[in-house]
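Structural features, examined
Okay, here's what each chain looks like letter by letter:
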Amino acid sequence: MEHLCGQLPFWPNLTLRSDRPDLPECFQLSVLPWAPCIYLWVVSPFYILYLKRNSRGYIMMSILNRIKTVLGLILWIVCWTDLFSSFHEMNQNPPIPIAPIYFVTPLIVGMTMLLATFLIQFERLRGVQSSGVLFIFWTISVLCAIVPFRSKIMHANQENGVNDKLRFTTFYIYFGLTLLELILSCFNEKPPLFSSVATDPNVCPETTAGFLSKMTFWWFTSMAIKGYKSPLENKDLWSLNKQDSSELVVPSLLNEWEVEKSKAQSEQSVKEQATFTKTGAETNHVGGSPEEAEVLLSERKETRKPSFLRALLRAFGPYFLIGSAFKLLQDLITFVNPQLLRMLIDFTKEKDAPLWWGYALAFLMFGTSLLQTLILHQHFQYCFVTGMRLRSGIIGAIYRKSLVITNEAKRSSTVGEVVNLMSVDAQRFMDLTTFLNMLWSAPLQIILALFFLWQNLGASVLAGVAVMVLLIPLNAFIAMKTRTYQVEQMKHKDDRIKLMNEILNGIKVLKLYAWEISFKEKILQIRQKELNVLRKTAYLSALSTMAWTSAPFLVALTTFAVYVTVDKKNILDAERAFVSLSLFNILRFPLNMLPQVISSIVQASVSLKRIQDFLSHPELDPENVDRRNNASEYAVTVVNGKFAWAKQDQPTLDNINVMVPQGSLLAVVGHVGCGKTSLVSALLGEMEKLEGQISIRGSVAYVPQQAWIQNCTLRDNILFGRPYVEQKYRCVLEACALTPDLEVLPGGDQTEIGEKGINLSGGQRQRVSLARALYSESDVYLLDDPLSAVDAHVAKHIFDKVIGPEGVLKGKTRILVTHGISFLPQVDNILVLVDGRVSEMGSYQELLKQNGAFAEFLRNYSLEDIIEDDEVTLSLVDEEEDFPDDALSNHADMVDNEPVVNEARRQFMRQISIMSNDPENPKKMSRRRRCSERKHSELPVEKKEQKVEKLIQAETTETGRVKLKVYWEYMKAVGPLLSLFICFLYGCQSAAAIGANFWLSEWTNDALQNRTREKVEMRVGVYAALGISQGILVMFSSFTLALGKIQGSRKLHQALLDNKFHTPQSFFDTTPIGRIINRFSKDIYVIDEVLPSTVLMFLGTFFASVSTMIVIICSTPIFALVIGPLALIYFFVQVR
């Protein structure tokens, strides 16, 4: 610096120890103005690269932007005015000696101002509304300019004037303009053109918030005020940020997962090819056998599976790394305060130290704490958002996979497992991301703390390191056992949720047969196994908590004990003790968090393997069915088709050859179990294609045998997301015989349909399903026996109006699976299936002439169909005067599909048919008369308008603060006495901690009284006794809390189970099964694992706060006056 500054001093120490401190002129001309310039030039390349890759749009030139640009240019002119002034002075005659610093600094600062002006415009072009990079630059510039601002005024007062008026003037112009730039950078630009901000009426203010607002979370203030005034509801929340929506998150994760799968498959194919070549060469040698080659091939097939972790890292890692950078910065700032504390203690010892030094240290301690808080919360914000995206992406990936996995995979992945994957396993990833950075941050903090402790206490720190090293094997053992128990617990949880799902799906049958007790016992048996594993995990967790809670104290104890005993000259004074204690307190958090993070990682690794295994299941091949619109006269073609439900199963369909012309109606008939539904599934691509080809031209509509109904209005079920067209909609209702049903339903087509269509009959459900397919206007219709669930006359109506040659679908390609032989003469072609093979195919007359399987089928079903037709005809003739034509759908629908029930129904119908042949049968006449009278009596009654009520009520959540009753219920579940005992143990633990701190304070006072060697053994012994008793109390409290947790989990689950088994059937009819399953999966998981850890944190924080206040009051009694008002303020904020 001597070459740059000449004779100007750079850093004399005398200026900082005076009552009027000042920095040397060379330092003010070099380091202070260079610091912001170095920052901007280092950051700019990365920032410009980021802006080039991430454009948010284009911002029009505004007044704010113009002012900032003009100010930047003026700053450049001001800086270069100093530069040209230096050149002018150098060229004076005689020349004035000018130090090089007067040329270098204006040049550097001027170029930096040009760079800042360029960034202002470049950010505008890339859609940046508020710049964090420039805000930090202007902030550093202003802070660095404050020292020369004061210094120049002070020198002007001392020297009674200003020597260099030009540089004095230009500096204050520079300072004013820089301060103005800082103020302007706090304001935001307008949103970019065509951004979502302009179109969304309820956009989240975070998207438009400035850098300062984001750092302080000021943008959230309006929501906090609204929540303060009234409980928040869904409608009060802002729209979700686009980048956080599942619309972007899920495809991003799925794309990375597909890349990972393709990499794994390519590696496997290359290795298999290499292995095949190698084994082929080896078998050509003498002694080589085919068996050896087969073994080698089977071994090489065990290649690596695609890693879901890599996909997660690529999808969410870059955003998470920003939070990691904040965490690194926060960790480094954490260790500033102990050094400031050391300097503050030194300041109290020096009687002649200037007073401003103490104020400056106190202000710096406050500033570092404030900065540390801001940075830490930014880190948590990034972690929480990453966790939210992780959970959304994982749930979306699992849900998408559950729709496309093969039938073989569905056998191994049960409903219970899928529910747990989406609720429990995905949640574990979200919980882990919050403290995942502690995996590297904790070792870093431990290393830094030990480094500063080494400077403070010397080699004695090695004793503390030895204690930590000894705890590592214990923690490793606990982690391994926890992982084993975690796998076992998740297996039991899957079994329990699977059984619970089956119970809820069949709750009506279960209640009718009074099977509640036996099924409850089955659930409780699985739950007991789950709790046994949970108990073992809780005991291991308690042991880990005891070890790592005691670790900081044991490290401090061994370090202090070794320090005072290894050398008689070593004295434990206040500076060493309390600076070391502050470092030990810093050490406490990573040592406490590290085992929890390791435990969470162990749990997440189990969940990761479960999710990875599920996502690695084979999927249905979308290429099984060729859907290209080839120029062909056939809409559906199957050539030499061979299909099975799983690849290793026997073929269900074999040698299938079907060619369906466009616009024709093909009927598929055959005995029960011959493969009719399997053929439809094969056409849909839901079976494994072993051989052959399938081709379908155009879009496909499918009507399943068991109708699928959504929990929404009748109209929404039919529209299925398509736009509403009045005329088309009415034609569909008329064709499907649904118009009379609208008059019966309380809200017409706006009636809410319960889950699984609980408030519709079987025939109504089937007709709604058919109407949905009809409204879609597809090219090919696959109808899987839709007429079996409706009355015979309704079936005739639907066939005539919809399916038949004169129906609405007469120009469409239709494949109809049916048992109704009365419709067969009207179809174009008939396909007869026998034992999974095509026996015959042709028109009705052709198949009759062949006298084959179709003729046999007719002989078996003709009598029943003739009986049904006679009854329908007779019924319609007798009652046509009493009923309007559109009332045919009001008849009771037949919904029994089981073979045994069908057979009984057929025999009953035969008996009715025999009785109906007797014209004098009185029973028949009375039955008709009663039916006719009933219809006549109902006709004149006008239908009253009924208010449409919502069938499925929206799930409500409690708002406001948690009621005391909830706490009391959990305490009762744990046990009131046990709860009090747990609190007592935590109180004793905190008392031991207070005693240890007080004893350490007394120990350090010995140094002032020169009594250090007299009481070393007693001081160390009592300090050790207090610390060990604290560890034992922690262990007992953790074990007791584990016992209470298991007891509470058992009671609450059993109470929930008892309540659901005693709930009336109407509750299950109006409550979605998913909502109930959530109570038994996610909420029980919270009670089992989340709530106990929350209670543990609450008790630890509560008693730590109480003990801190006790210590402060004992040392500074006047602080007790402040506690009351502070407590009132905190209580007011919490309650309101």
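Residues numbered from 1 in each chain as written. Predicted model: local features only at pLDDT ≥ 70, side-chain atom pairs only at ≥ 80, totals over all residues. Heavy atoms only, no water.

Let us look at the overall build of the protein. Of regular secondary structure, the protein possesses 38 helices and 10 strands. For the protein, buried positions account for 44% of its 1136 residues. Counting only contacts in the protein whose residues sit at least 6 apart along the sequence, the fraction spanning at least 24 positions is 80%. Approximately 60,000 Å² of the protein is accessible, and the part contributed by carbon and sulfur atoms is 63%. (Helix = DSSP H or I, 4+ residues; strand = E, 2+ residues; numbered from the N terminus. Buried < 20%, exposed > 50% of the residue type's maximum accessible area, 1.4 Å probe, protein only. Contact = heavy atoms within 4.5 Å. Areas by Shrake-Rupley, 256 points an atom, 1.4 Å probe, with all protein chains shown as cover.)

Attention shifts here to the pairing of strand β9 (residues 829-834). Pairing between strand β4 (residues 665-669) and β9: four bridges, direction parallel. Residue Val668 lies in a different strand from β9, and its bridge partner there is Leu831. Both β9 and strand β10 (residues 837-842) contribute to a ladder of five bridges, which runs antiparallel. When the sheet's bridge partners are listed, Ile830 is paired in β10 with Gly842. Where β9 folds back on β10, the antiparallel hairpin that results is connected by two residues, among which Asp835 adopts a positive phi of roughly 55 degrees. (Pairing = 2+ DSSP bridges.)

It is worth spelling out the packing of helix α19 (residues 461-505) against helix α21 (residues 516-566) at this point. Their axes nearest at 9 Å, the elements α19 and α21 cross at an angle of 165 degrees. In this view, α19 runs roughly antiparallel relative to α21, as classed from their interaxial angle. Between α19 and α21 lies a crossing whose hand is left-handed. When grouped by side-chain class, the residues that make up the contact of α19 with α21 number 24 nonpolar, nine polar and 10 charged. (Axes fitted to C-alpha atoms, helices over the stretch in contact; angles between N-to-C directions. Parallel < 35°, antiparallel > 145°, perpendicular 65-115°, else oblique. Left-handed = near helix turned anticlockwise from the far one by under 90°. Nonpolar A, V, L, I, M, F, W, Y, C, P; charged D, E, K, R; others polar.)

Moving on, we come to the confidence of the model for the protein. Per-residue confidence for the protein averages 80 on the pLDDT scale, and 84% of its residues sit at or above 70. Averaged pLDDT values over the elements of the protein bottom out at 35 in helix α32 (residues 922-938) and peak at 92 in strand β6 (residues 700-703). In the predicted structure, residues 295-301 sits below a pLDDT of 50 and forms 10 contacts with residues beyond four places in sequence or in another chain. Between residues 871-947, whose pLDDT stays under 50, and residues either more than four places distant or in other chains, the model counts 67 contacts. (pLDDT = per-residue confidence, 0-100.)

Their axes nearest at 11 Å, the elements helix α13 (residues 308-334) and helix α18 (residues 438-457) cross at an angle of 15 degrees. In terms of orientation, α13 and α18 fall into the roughly parallel class. When the axes of α13 and α18 are compared, the crossing they make is right-handed. Across the interface between the two elements, Ser324, Lys327, Leu328, Asp331 and Leu332 from α13 touch Met438, Trp440, Ser441, Leu444, Gln445 and Leu448 from α18. Residues belonging to the contact of α13 with α18 are distributed by class as follows: six nonpolar, three polar and two charged.

For the rest of this paragraph, the subject is the sheet that holds strand β8 (residues 813-817). The mixed open sheet is built from six strands, whose spatial order is β6-β7-β8-β4-β9-β10. Of all strands in the sheet, those bounded by a partner on one side alone are β6 and β10. Looking at each pair of strands side by side, their axes are set apart by 15 degrees on average, direction ignored. Set on the sheet, helix α23 (residues 676-684) makes contact with β4, β6, β7 (780-784), β8 and β9; between it and β7 the angle comes to about 150 degrees. Seen against the sheet, helix α27 (residues 762-776) touches β6 and β7 and runs at an angle of roughly 175 degrees to β6.

Within this structure, the stated rule accounts for five cavities of 30 Å³ or more. Space inside the largest cavity adds up to approximately 130 Å³. Along the walls of the largest cavity sit 14 residues, with Lys68, Glu123, Ser130, Ser131 and Leu134 positioned nearest its centre. Sorting the residues of the lining of the largest cavity by element identifies α4 (63-90), α5 (101-125) and α6 (132-158) as the ones contributing at least two each. When residues in the lining of the largest cavity are grouped by element, the largest group, three residues, is from α5. Class assignment of the residues belonging to the lining of the largest cavity gives a composition of five nonpolar, five polar and four charged. (1 Å grid on protein atoms, 1.4 Å probe; cavity = no way out; pocket = protein on both sides within 12 Å on 5 of 7 lines; lining within 4 Å. Points joined across faces, edges and corners; volume = space filled by probe spheres on them.)

Considering all chains together, one arrives at 34 aromatic pairs under this definition. Between Tyr539 and Phe1039, the ring centres sit 5.5 Å apart and the planes meet at 45 degrees, which makes this aromatic pair tilted. Taken as a pair, Tyr539 in helix α21 and Phe1039 in helix α35 (residues 1016-1061) lie far apart in primary sequence, 500 residues in all. The exposure class of Tyr539 is partly exposed, given its relative accessible area of 27%. Through a chain of ring-to-ring contacts, the aromatic side chains of Phe149, Phe168, Phe171, Tyr172, Tyr174 and Phe175 assemble into a single cluster. The ring of Tyr724 has Arg715 sitting right over it, with the charged end atom 4.1 Å from the ring centre. (Phe/Tyr/Trp six-rings, centres within 6.5 Å; stacked < 30°, edge-to-face > 60°. Lys NZ or Arg CZ within 6 Å of the ring centre and 35° of its normal.)

Before going further, it helps to examine the side chain of Ser769. With respect to the helices and strands, the residue Ser769 is situated in helix α27. Look at Ser769 and you get buried, because its relative accessible area is 2%. With residues near it in sequence (within four places) discarded, Ser769 still touches Val703, Pro704 and Ala707.

This part is about helix α25 (residues 726-735). Within the span of α25, buried status applies to Tyr729, Val732, Leu733 and Ala735. Buried residues in α25, looked at end-on, bunch into an arc of 165 degrees, giving them a common side. Taken together, the buried residues of α25 touch α24 (714-719), α26 (739-744), α27 and α28 (792-803). Phi for Ala737, located one or two positions after α25, is positive at around 60 degrees. (Arc of directions from axis to C-beta.)

A surface patch of nonpolar side chains, amounting to about 970 Å² of accessible area, comprises Tyr228, Ile1118, Leu1121, Val1122, Leu1126, Ile1129, Tyr1130, Phe1132 and Val1133. The element best represented in the nonpolar patch is helix α38 (residues 1120-1135), accounting for seven residues. With respect to the element layout, Val1133 can be found in helix α38. With a relative accessible area of 56%, Val1133 lands in the exposed category. (Patch = residues over 30% accessible without salt bridge, like charges linked within 9 Å, V, L, I, M, F, W, Y side chains within 5 Å. Salt bridge = Lys/Arg side-chain N within 4 Å of Asp/Glu carboxyl O.)

Turning to the environment of Asn202, a few remarks are in order. Checked against the element boundaries, Asn202 lands in the loop between α8 (196-199) and α9 (211-216). The sequence separation of Asn202 and Lys235 amounts to 33 residues, and the corresponding C-alpha distance is 9.9 Å. Look past the residues within four positions of Asn202 in its chain and what remains in contact with it is Leu237, Trp238 and Ser239. A distance of 2.8 Å separates the side chain of Asn202 from the backbone oxygen of Leu237, its partner in a polar contact. (Polar contact = N/O pair within 3.5 Å; in protein donor to acceptor, adjacent residues only side chain to side chain.)

Let us now look at the nonpolar core. Counting residues in each nonpolar core, the largest one holds 48 residues, and the members touching the most others are Ile718, Ile803, Leu824, Ile830 and Phe854. Once residues within four sequence positions are removed from consideration, Ile803 is found in contact with Leu665, Leu783, Pro786, Leu787, Ile798, Arg814 and Leu816. (Core = buried A, V, L, I, M, F, W, Y, C linked by side-chain atoms within 4.5 Å.)

What follows deals with the sheet that holds strand β5 (residues 688-696). Spatially, β1-β5-β2-β3 is the arrangement adopted by the four strands of the open sheet, whose pairing is mixed. Each edge of the sheet is formed by a strand with only one pairing partner; in this case those strands are β1 (625-626) and β3 (653-661). In terms of strand pairing, strand β2 (residues 634-644) meets β3 through six bridges, oriented antiparallel. Its bridge partner lying in β3, Tyr634 is registered against Pro661.

The subject of this paragraph is the state of the cysteines. The bond known as a disulfide is covalent and runs between the sulfur atoms of two cysteines. Applying the stated criterion to the full structure yields zero disulfides. Take Cys37: it sits in no disulfide, and the sulfur closest to it among the cysteines is that of Cys79, at 8.0 Å. Here Cys37 falls in the buried class, since its relative accessible area comes to 3%. (Disulfide = S-S within 2.5 Å.)

As defined by bridge partners, β1 adjoins β5 across two bridges and the pair is classed as parallel. Note on β5: the bridge partner recorded for Val625 is Ile694. Sheet topology places β2 next to β5; seven bridges connect them, and they run antiparallel. By the bridge assignment for β5, Phe643 is matched with Lys689.

A few words on the side chain of Ser141. Locating Ser141 in the fold gives a position in helix α6. A polar contact is formed between the side chain of Ser141 and the backbone oxygen of Phe137, at a distance of 2.8 Å. When near neighbours in sequence (up to four residues on either side) are disregarded, Ser141 contacts Pro36, Tyr174 and Thr178.

As a further point, take unusual backbone geometry. Phi is positive for Phe720, which is not a glycine, with a value near 55 degrees. Its location among the elements puts Phe720 in the loop between α24 and α25. By relative accessible area, which is 39% here, Phe720 ends up partly exposed. With a phi close to 55 degrees, Glu777 is a non-glycine residue in the positive phi region. Topologically, Glu777 is positioned in the loop between α27 and β7.

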